[in-house]
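# Examination of the molecular architecture
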Amino acid sequence: MVWNVPRGSPEVHNRNEWIDMKTTRLQVSGMTCGHCVSTVESALRKQRGVRNATVHLENGAAEVEYDETAVVPEQLIAAVGEEGYQARFAGSPAGGG
């Protein structure tokens, strides 16, 4: 659990509010360089409720930590798709999602 701290805020605004952060893993295809990784990470981090996103070029894995009351995993996949890459839930069949 983490404190509900708005992005860019140096302090906790409501110390009585806890948020359970969830983590999902995505498989991203179409990335060929570090710029691609930065683009995908940025697209994920811009989504409301996302606390952190880490993308690995070598295996196409993305790990996203988020507040499930603010964003659902399907929105994360859509955000990656809007940048021109394909994403699916890690472990799901190709083309599935």
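Shown above is the structure to which this text applies.
Residues numbered from 1 in each chain as written. Predicted model: local features only at pLDDT ≥ 70, side-chain atom pairs only at ≥ 80, totals over all residues. Heavy atoms only, no water.

### Observations concerning the environment of Thr-23
Threshold: Numbering of helices and strands runs from the N terminus; a helix is a DSSP stretch of H or I covering at least four residues, while a strand is a stretch of E covering at least two. We call a residue buried when its accessible area falls under 20% of the maximum for its residue type, exposed when it is over 50%, and partly exposed in between, using a 1.4 Å probe and counting protein chains only. The contact rule is simple, with two residues in contact once any of their heavy atoms fall within 4.5 Å.
With respect to the element layout, Thr-23 can be found in strand β3 (residues 21–29). On the basis of relative accessible area, Thr-23 is assigned to the partly exposed category, the value being 42%. Sequence separation between Thr-23 and Glu-68 is 45 residues, and the spatial gap between their C-alpha atoms is 9.2 Å. Among residues more than four places away in sequence, those in contact with Thr-23 are Glu-63, Val-64, Glu-65 and Tyr-66.

### Here we look at the state of the cysteines
Test applied: Cysteine sulfurs are considered disulfide-paired once they come within 2.5 Å of each other.
The full count for this structure, using the stated rule, is zero disulfides. With no disulfide partner, Cys-36 has as its closest neighbouring cysteine sulfur the one in Cys-33, 3.5 Å distant. Given the relative accessible area of 7%, Cys-36 is considered buried.

### Here we look at the nonpolar core
For soluble globular proteins, nonpolar side chains are generally found buried alongside one another. Heads up, the condition is: Working definition of a nonpolar core: buried Ala, Val, Leu, Ile, Met, Phe, Trp, Tyr and Cys residues. They are joined through side-chain atoms within 4.5 Å.
Residues Val-28, Met-31, Val-40, Leu-44, Val-64 and Leu-76 are the most contacted members of the largest nonpolar core, which totals 19 residues. Within the residue set of this core, elements represented by two or more residues are β3, α1 (34–45), β4 (50–55), β5 (61–67) and α2 (73–82). Here the element with the most residues in this core is α1; it accounts for four residues.

On their own, these measurements won't tell you what the molecule is for.
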